[in-house]
Structure formats: structure tokens, C-alpha cells
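One letter stands for each residue in the lines below.
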Amino acid sequence: MSNSVMRDKAKEFAKRIVILCRNLKAEHKETVLINQLLRSGTSIGANIHEAQYA
């Protein structure tokens, strides 16, 4: 059950990161930092998935 909650929270966090990055890119802000934020913010879900099946 706790894994489900953790996955749900990671998914919601990743969604919010993607929306934030889209908004920042639309304003033509620093793209290198935005890309790094997008990669690191969405990798949490992948790390959780990998940890479950390790």
C-alpha cells in the first residue's frame, strides 16, 4: 500500500514539474536549467519503479 501512495505522489510531482517546465519554456527562460529540472523531477518515478523490482 505504501508503494502505491509513493508512486501516486511521485506521479503527481512529475506532472507538476512538466507543467512548470512548459510554462518556463513559454516565457523563454534558461533552457539548460529547465531541461535539468525536467530530467531530475521526472526520474523519481523511474527510481521508485526500479527499486521495487531490484
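Colleague: Looking at this structure, how should I read the environment of arginine 7?
Modeller: If you trace the backbone, arginine 7 turns up in helix H1 (residues 2-26). Judged by relative accessible area, which is 44%, arginine 7 ranks as partly exposed. With 42 residues separating them in the primary sequence, arginine 7 and histidine 49 have C-alpha atoms 8.2 Å apart.

Colleague: What is the right way to read helix H2 (residues 31-52) from this model?
Modeller: Owing to its 3.6 residues per turn, the α-helix aligns residues three or four sequence positions apart on the same side. Helix length check: H2, at 22 residues, gives a terminal C-alpha distance of 33 Å against a target of 32 Å (1.5 Å per residue), a fit within 8%. Most pronounced at serine 43, the bend in H2 amounts to some 30°. Listed in full, the buried residues belonging to H2 are Ile34, Gly41 and Ile48.

Colleague: Explain the environment of histidine 28 here, please?
Modeller: Take histidine 28: it is sitting in the loop between H1 and H2. Taking C-alpha positions, histidine 28 is 19 Å from arginine 16, a pair spaced 12 residues apart along the chain.

Scoring rules and cut-offs
Residues numbered from 1 in each chain as written. Predicted model: local features only at pLDDT ≥ 70, side-chain atom pairs only at ≥ 80, totals over all residues. Heavy atoms only, no water. Helix = DSSP H or I, 4+ residues; strand = E, 2+ residues; numbered from the N terminus. Buried < 20%, exposed > 50% of the residue type's maximum accessible area, 1.4 Å probe, protein only. Expected span 1.5 Å × (residues − 1). Bend = angle between axes of the 7 residues up to and from the residue.

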